[in-house]
Amino acid sequence: MEKLRILVVDDSELVLAMARDALEEAGYEVLTASNGIEANSFIFSRSKPDLIILDVMLPMLDGNKKAKLLREKDFSREIPIVLLSSKSEEELKRLVAESGGDAYIHKPFTPWQLVTTVRKVLESQRR
């Protein structure tokens, strides 16, 4: 069976490494990008990701704005999006609602929180 592909977009190398380790250990294929522009090479490829984790505070284009743009395009509209940020829970909930995201993860996060959120979002997409 082919592994599900998760794209993690964050400008912190530490966050990318932590997410990659946790998600690979959970059996996912992990792609990483340090900004929204770099992420496009994965999102708009033939083997697009099954889920995208987007940091809210990205250089060049905020993650919540990127999520909105992805929701407007037919090719990427159905890809689940999880926002990632150290903003308050209330602010994150608002950003998810505004951007069309599916969930959020609050920084700092544990590997368990990351994997659990990813699994929940992917399971809800199958229903």
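Residues numbered from 1 in each chain as written. Predicted model: local features only at pLDDT ≥ 70, side-chain atom pairs only at ≥ 80, totals over all residues. Heavy atoms only, no water.

1. Things to note about the side chain of Asp10
Here is step 1: Relative to the assigned elements, Asp10 resides in the loop between β1 (5-9) and α1 (13-25).
Here is step 2: In this structure the side chain of Asp10 is engaged in a polar contact, spanning 2.8 Å, whose partner is the backbone nitrogen of Ser12.
Here is step 3: If we skip the residues at most four places from it in the chain, Asp10 touches Val15, Leu16, Ala33, Ser34, Asp55, Leu58, Leu84 and Lys107. (Helix = DSSP H or I, 4+ residues; strand = E, 2+ residues; numbered from the N terminus. Polar contact = N/O pair within 3.5 Å; in protein donor to acceptor, adjacent residues only side chain to side chain. Contact = heavy atoms within 4.5 Å.)

2. Some details on the packing of α1 against helix α5 (residues 111-126)
Here is step 1: Here α1 crosses α5 at 60°, and the two axes come no closer than 9 Å. Between α1 and α5, the angle falls in the class oblique. The two elements α1 and α5 meet at a crossing, and its hand is right-handed. In this structure, α1 uses Ala19, Ala22 and Leu23 to contact α5, whose residues at the interface are Pro111, Leu114, Val115 and Val118.
Here is step 2: Taken together, the residues of the contact of α1 with α5 break down into seven nonpolar, no polar and no charged. (Axes fitted to C-alpha atoms, helices over the stretch in contact; angles between N-to-C directions. Parallel < 35°, antiparallel > 145°, perpendicular 65-115°, else oblique. Left-handed = near helix turned anticlockwise from the far one by under 90°. Nonpolar A, V, L, I, M, F, W, Y, C, P; charged D, E, K, R; others polar.)

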